[in-house]
Amino acid sequence: MTTGLNDALVSTLADDPDLGEIVRLYTAEMPDRIAALQASFDSGDRARLATLAHQMKGAAGSHGFHAITPYAAALERLSRSASRDDELRQAFEALVEICSRVR
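Here is a short report on the structure shown in this document.

Rules used in this analysis
- Residues numbered from 1 in each chain as written.
- Predicted model: local features only at pLDDT ≥ 70, side-chain atom pairs only at ≥ 80, totals over all residues.
- Heavy atoms only, no water.
- Helix = DSSP H or I, 4+ residues; strand = E, 2+ residues; numbered from the N terminus.
- Buried < 20%, exposed > 50% of the residue type's maximum accessible area, 1.4 Å probe, protein only.
- Axes fitted to C-alpha atoms, helices over the stretch in contact; angles between N-to-C directions.
- Left-handed = near helix turned anticlockwise from the far one by under 90°.
- Contact = heavy atoms within 4.5 Å.
- Nonpolar A, V, L, I, M, F, W, Y, C, P; charged D, E, K, R; others polar.

This brings us to the environment of D7. Here D7 lies in the segment before α1 (20-43). D7 sits in the partly exposed class, given a relative accessible area of 34%. Along the sequence, D7 and V102 sit 95 residues apart, while their C-alpha atoms lie 9.1 Å from each other.

The N-to-C vectors of helix α2 (residues 46-62) and helix α4 (residues 85-99) enclose an angle of 35°; their axes lie 13 Å apart at closest approach. Here the hand of the crossing between α2 and α4 comes out left-handed. Touching R46, L49 and M56 of α2 are D85, L88, F92, L95 and C99, all from α4. Classifying every residue of the contact of α2 with α4 by side-chain character gives 6 nonpolar, no polar and 2 charged.

Position of S40 relative to the elements: it lies in helix α1. If we skip the residues at most four places from it in the chain, S40 touches D45, R48, L49 and L52.

And the structure:
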């Protein structure tokens, strides 16, 4: 079964008796993480955007949201390079889209 573009993204650790609460906290904090990404993108602060993407890359995997990792890695890489604005925007929008599906 494939995941549709707008399907909820559920952690592989959501039902873990020891980690479920941590996953729920991470999920609850996602709107704030998205807002921080948005603020950095809007202000053109590529260094901060790269840092936030790097943090998200590690945290997403640690919380069982492995699907987020390649999107965060792409945004981090493009934020640290001399990428074109349209490339950066595309990577940013893709990361925000998948993060908005976290449940």
